[in-house]
Amino acid sequence: MAACVAVIAKENYPLFIKTIPTENELKFYYTVHTSLDVVEEKISSLGKNANDLRELYLGLLYPTEDYKVYGYVTNTRVKFVVVVDSSNASLRDNEIRTMFKKLHNAYVDMLCNPFYKPGDNITSKSFDNIVVGMLQQD
Amino acid sequence: MSRQGNRAGDPRKVNGELFTLTYGALVAQLIKDYENDEQVNKQLDKMGYNMGVRLIEDFLARANTGKCNDFRETADVIAKVAFKMYLGLTPVVSNWSTAGDEFSLLLESNPLTEFVELPPGHSNLNYSNLLCGALRGALEMVQMDVDVRFVQDILKGDNITEIRLKFIKRLEDAVPVGED
């Protein structure tokens with residue numbers, strides 16, 4: 001369903017990126033990288049009011065001709081970015097929200113592994129399996 | 001203020017996730033300190049032993065089970081009463097040896113290892129070795145010398161976690177040297 005899933009640390013370096021197998025994976029990496037600016041803009045603009053009123057789901061960050069990019073930021077400034085194919089028009093907002101919720105839960109479970117140091121690249125198999133499940137094109 | 005009276009349950013109870021995360025932090029720190037899986041296993045066993053010799057008193061005071069007549073009864077008490085009391089689960093007792101002095105405890109889930117994935121270089125690590133030490137220590141205090149070890153471990157890829165207990169000998173109270 002998704003074309004690419006990325007997890008970005010609060011210092012804005014990537015912890016985890018996975019894309020559907022394609023010849024030009026680099027374009028997804030660029031897309032995720034450029035979407036970081038939009039994410040920063042969204043989280044700074046609402047920072048003036050009470051911080052806890054900001055919702056975690058950021059929604060559609062920006063559309064390109066082929067893809068739509070969605071964002072989600074946790075309260076610890078860890079960002080999840082999902083790139084979906086525009087042609088898959090049946091994907092509703094709710095489904096994207098559930099996708100992010102699943103990602104967030106998987107991330108938290110992985111973080112509870114005592115052998116994972118926060119800030120390291122994510123190598124957990126179970127997290128990987130959950131992301132691969134989301135990437136599968138049906 | 002009126003809520004305080006409603007705090008139900010045993011004040012010694014603690015959140016399960018806190019327990020799991022604490023144990024995980026303990027093992028991770030031991031690995032950083034010793035850097036050798038066998039050493040870490042030994043330390044966990046020692047720590048478990050120290051816990052076991054104390055836990056047995058608490059267990060005997062709370063469980064009211066009375067004396068076990070043979071090793072089979074001991075196995076049942078360990079699985080049905082002790083594990084239930086301290087970890088909230090009941091392992092299955094199985095794989096009795098022909099002589100009746102060895103058995104296995106099969107655990108389908110292990111609360112100590114929730115969320116844990118062993119990192120690649122540590123395939124020899126017995127993550128829950130504290131359990132083995134605790135069983136050994138507790139049984140030693142009731143005059144049984146038992147060897148406890150892990151045979152299978154879900155963390156290492158098996159389907160089930162299996163702990164094998166082997167009865168070695170009965171311990172007699174040793175008369176201190178010098179007294180007759």
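To be clear, the structure that these remarks concern was listed above.
Residues numbered from 1 in each chain as written. Chains lettered and ligands numbered in written order. Predicted model: local features only at pLDDT ≥ 70, side-chain atom pairs only at ≥ 80, totals over all residues. Heavy atoms only, no water.

1. With respect to the pairing of strand β5 (residues 79-85) of chain A
All names here are of chain A.
Part 1 of the argument: Most of β5 sits inside the fold, with six of its seven residues counted as buried.
Part 2 of the argument: Across six bridges, strand β1 (residues 2-8) lies against β5 in antiparallel orientation. When the sheet's bridge partners are listed, valine 7 is paired in β5 with phenylalanine 80.
Part 3 of the argument: For strand β4 (residues 67-73) and β5, the ladder comprises seven bridges, and the chain directions are antiparallel. Bridge pairing in β5 places lysine 68 opposite valine 84.
Part 4 of the argument: Taking the residues that link successive antiparallel strands as the turn, the β4-β5 hairpin has five residues, and the phi of arginine 77 there is positive, at about 65 degrees. (Buried < 20%, exposed > 50% of the residue type's maximum accessible area, 1.4 Å probe, protein only. Helix = DSSP H or I, 4+ residues; strand = E, 2+ residues; numbered from the N terminus. Pairing = 2+ DSSP bridges.)

2. Points about helix α3 (residues 125-135) of chain A
Residue and element names in this part refer to chain A.
Part 1 of the argument: Taken together, the buried positions of α3 are occupied by Phe127, Val131, Met134 and Leu135. Buried residues of α3 fall within an arc of 100 degrees about the axis and therefore sit on the same side. Exposed residues on α3 whose side chains face more than 90 degrees from its buried face are Lys125 and Asn129.
Part 2 of the argument: Elements that come into contact with the buried residues of α3 comprise β1, β2 (14-19) and α2 (93-111). (Arc of directions from axis to C-beta. Contact = heavy atoms within 4.5 Å.)

3. Remarks on the sheet that holds β1(A)
Residue and element names in this part refer to chain A.
Part 1 of the argument: Overall, antiparallel pairing links the five strands, which are arranged β2-β1-β5-β4-β3 in an open sheet. Every interior strand has two partners, whereas the edge strands, β2 and β3 (57-63), have only one. The mean inter-strand angle of the sheet, taken between neighbouring strand axes irrespective of direction, is 15 degrees.
Part 2 of the argument: Against the sheet, helix α1 (residues 26-45) engages β1, β2, β3, β4 and β5, with an angle of about 125 degrees to β3.
Part 3 of the argument: Of the strands in this sheet, β1, β2, β3, β4 and β5 touch α2, which is tilted by about 140 degrees from β5. (Axes fitted to C-alpha atoms, helices over the stretch in contact; angles between N-to-C directions.)

4. Structural notes on the interface of chain A and chain B
Part 1 of the argument: Counting residues at the interface gives eight residues for chain A and 13 residues for chain B.
Part 2 of the argument: With both sides pooled, the region where chain A packs onto chain B buries about 810 Å², and carbon together with sulfur makes up 68% of that total.
Part 3 of the argument: Among the residues of chain A in contact with chain B, A:Cys112, A:Pro114 and A:Phe115 are the three that bury the most area, contributing 68% of the side total.
Part 4 of the argument: Our count for the contact surface shared by chain A and chain B stands at four residue pairs in polar contact (both at pLDDT 80 or more). (Buried area = accessible area lost by both parts, 1.4 Å probe. Polar contact = N/O pair within 3.5 Å; in protein donor to acceptor, adjacent residues only side chain to side chain.)

5. Some thoughts on the sheet that holds strand β4 (residues 161-170) of chain B
Residues and elements named next belong to chain B.
Part 1 of the argument: Strand order in the open sheet formed by four strands is β1-β2-β4-β3, with antiparallel pairing between adjacent strands. Only two strands of the sheet have a single neighbouring strand rather than two, namely β1 (92-94) and β3 (144-152). Each strand of the sheet is rotated relative to its neighbour by a mean of 25 degrees, with strand direction disregarded.
Part 2 of the argument: Relative to β4, strand β2 (residues 102-107) runs antiparallel, the two sharing six bridges. Its bridge partner being in β4, leucine 106 is matched across the sheet by glutamate 162.
Part 3 of the argument: Packed on one face of the sheet, helix α3 (residues 71-87) meets β1, β2, β3 and β4 and runs near 20 degrees to β2.

6. Points about the side chain of B:Glu162
Residue and element names in this part refer to chain B.
Part 1 of the argument: Following the sequence through the fold, glutamate 162 ends up in strand β4.
Part 2 of the argument: Buried charge glutamate 162 goes without a salt bridge, the closest partner of opposite sign being arginine 164 at 4.5 Å.
Part 3 of the argument: At 3.3 Å, the side chain of glutamate 162 and the side chain of asparagine 95 are in polar contact.
Part 4 of the argument: The residues contacting glutamate 162, other than those within four sequence positions of it, are Asn95, Ser104, Leu105, Leu106, Arg149, Phe150, Val151 and Gln152. (Lys, Arg positive; Asp, Glu negative; His and termini not counted. Salt bridge = Lys/Arg side-chain N within 4 Å of Asp/Glu carboxyl O.)

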